[in-house]
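# Reading the structure
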Amino acid sequence: MLHTTIRYTKALSAVFALTLFLTGCKEDAVANKPVTPIAFEPSDECHVCGMAMYGFPGPKGEAFEGREKIARKFCSTRDLMAWYLQPENTPNTYEIFVHDMGRSDWNRPDDAHLIDARKAVFVVGSNQQGAMGPTLASFADQPAAQTFAKAHGGKVFTFDELTLDVITHPTQFANTPSP
């Protein structure tokens, strides 16, 4: 009887260890799986302000955070960056996407043209309004951003140049010509 109990305990321990191993592999697979943007739906609400975002003009954004890569959607690129630049969010954010306004209509951004925000170029201080008023116009390339800035005002910034001060005071760049 004691011999049977020992074998049963060893078998149970082996099953438990295998389960832990496979669970860890599954979590690592999730952590390493590439993320693709998710289309915006009529029922989506902004993660920052809670506003329904469907039907509003201007570029929107989404971020994937945590090990499970939970999607957070934002009604404007300005809300996205205000959230991202908070110290607790930056290191926990896996991917960030924004609309490429060089290929999208301002009044109806096309989800087929969501791009990696870290590689995007932004115009701050333009006369174009987003869902919450002033927003950051996002573009896949510098020439498109410069053309937009010449037509609508504002200043061109790379992702790494954006700070909380820049996005919370966009009017300081309203009349600044782009380089």
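The structure reproduced in this document is the subject of the present report. Since the structure is predicted, the reported quantities are computational estimates derived from the model, not experimental observations. (Residues numbered from 1 in each chain as written. Predicted model: local features only at pLDDT ≥ 70, side-chain atom pairs only at ≥ 80, totals over all residues. Heavy atoms only, no water.)

Looking now at the side chain of Asp79. Note on placement: Asp79 falls in helix 2 (residues 77-84). Among buried Asp, Glu, Lys and Arg side chains, Asp79 stands out as unpaired, with Arg78 the closest opposite charge at 6.2 Å. Other than its neighbours up to four places away in sequence, Asp79 contacts Cys46, Val48, Cys49, Phe74 and Met132. (Helix = DSSP H or I, 4+ residues; strand = E, 2+ residues; numbered from the N terminus. Buried < 20%, exposed > 50% of the residue type's maximum accessible area, 1.4 Å probe, protein only. Lys, Arg positive; Asp, Glu negative; His and termini not counted. Salt bridge = Lys/Arg side-chain N within 4 Å of Asp/Glu carboxyl O. Contact = heavy atoms within 4.5 Å.)

We now examine helix 3 (residues 142-152). Three or more residues of helix 3 are buried, namely Ala145, Phe148 and Ala149. One side of helix 3 carries all its buried residues, which in axial view fall inside an arc of 100°. Seen from the open side of helix 3, the exposed residues pointing more than 90 degrees away from its buried face are Pro143, Thr147, Lys150 and Ala151. As for helix 3, its buried residues are in contact with strand 5 (121-124), strand 8 (137-139) and strand 9 (155-158). A side-chain oxygen of the first residue of helix 3 lies 2.9 Å from the backbone nitrogen of Ala144; this N-cap is Asp141. Immediately beyond the C-terminal end of helix 3, within one or two residues, lies Gly153, with a positive phi of roughly 80°. (Arc of directions from axis to C-beta. Polar contact = N/O pair within 3.5 Å; in protein donor to acceptor, adjacent residues only side chain to side chain.)

All right, on to the pattern of salt bridges then. In total, this model carries three salt bridges according to the counting rule given. For Lys73, the salt bridge goes to Asp44, with nearest N and O atoms at 2.8 Å. Of this pair, Lys73 sits in strand 2 (residues 70-74) while Asp44 is found in the loop between helix 1 (2-32) and strand 1 (61-65), placing the two residues 29 residues apart along the sequence. Lys73 gets classed as buried once you look at its relative accessible area, which sits at 11%. Classification of Asp44 as buried rests on a relative accessible area of 13%. Glu65 is the salt-bridge partner of Arg72, the closest N and O atoms lying 2.5 Å from each other. Looking at Glu65, the relative accessible area reads 10%, which means it is buried.

Turning our eyes to something else, we now look at the sheet that holds strand 9. With respect to topology, three strands assemble into an open sheet ordered 8-5-9, the strand pairing being antiparallel. Pairing within the sheet leaves two strands with one partner each, and these edge strands are strand 8 and strand 9. Put simply, the sheet's adjacent strands are angled 30° from each other on average, direction ignored. Looking at chain direction, strand 5 and strand 9 are connected through four bridges and run antiparallel. Along strand 9, the bridge assignment pairs Val124 with Lys155. Contacting strand 5, strand 8 and strand 9, helix 3 runs over the sheet at an angle of about 10° to strand 5. (Pairing = 2+ DSSP bridges. Axes fitted to C-alpha atoms, helices over the stretch in contact; angles between N-to-C directions.)

From its side chain, Asp44 meets the backbone nitrogen of Glu41 in a polar contact 2.7 Å long. With residues up to four places along the chain from it excluded, the contact list for Asp44 reads Ala39, Met51, Ala52, Met53 and Lys73.

One pass over the full model with this rule turns up zero disulfides. Cys46 takes part in no disulfide bond, and the closest cysteine sulfur, belonging to Cys75, lies 3.7 Å away. The cysteine Cys49 is free of any disulfide, with Cys46 supplying the nearest cysteine sulfur at 3.7 Å. (Disulfide = S-S within 2.5 Å.)

Here we take up helix 2. When you tally the buried positions in helix 2, you get six out of eight residues, the bulk of the element. Listing the buried residues of helix 2 in full gives Thr77, Asp79, Leu80, Met81, Trp83 and Tyr84.

Attention shifts here to the packing of aromatic side chains. Evaluated as defined, the whole model comprises six aromatic pairs. Measuring from centroid to centroid gives 6.0 Å for Phe64 and Phe97, while their planes differ by 85°, and the two rings are edge-to-face. Residue Phe64 is located in strand 1, and its partner Phe97 is located in strand 3 (residues 93-99); the two are separated by 33 residues in the primary sequence. With respect to class, Phe64 is no different from Phe97; both count as buried. Pairing Trp106 with Phe148 gives two aromatic rings, centres 5.6 Å apart and planes at 20°, and the pair type is stacked. Linking Trp106 in the loop between strand 3 and strand 4 (114-116) with Phe148 in helix 3, this pair joins segments that are 42 residues apart in sequence. Overall, Phe148 belongs to the buried group, its relative accessible area being 10%. Grouped by ring-pair contacts, the aromatic residues Trp106, Phe139 and Phe148 constitute a single cluster. The ring of Tyr94 is capped by Lys69, whose NZ or CZ atom sits 3.9 Å from the centre of that ring. Residue placement shows Lys73 over the ring face of Phe40; its charged tip is 5.3 Å from the ring centre. (Phe/Tyr/Trp six-rings, centres within 6.5 Å; stacked < 30°, edge-to-face > 60°. Lys NZ or Arg CZ within 6 Å of the ring centre and 35° of its normal.)

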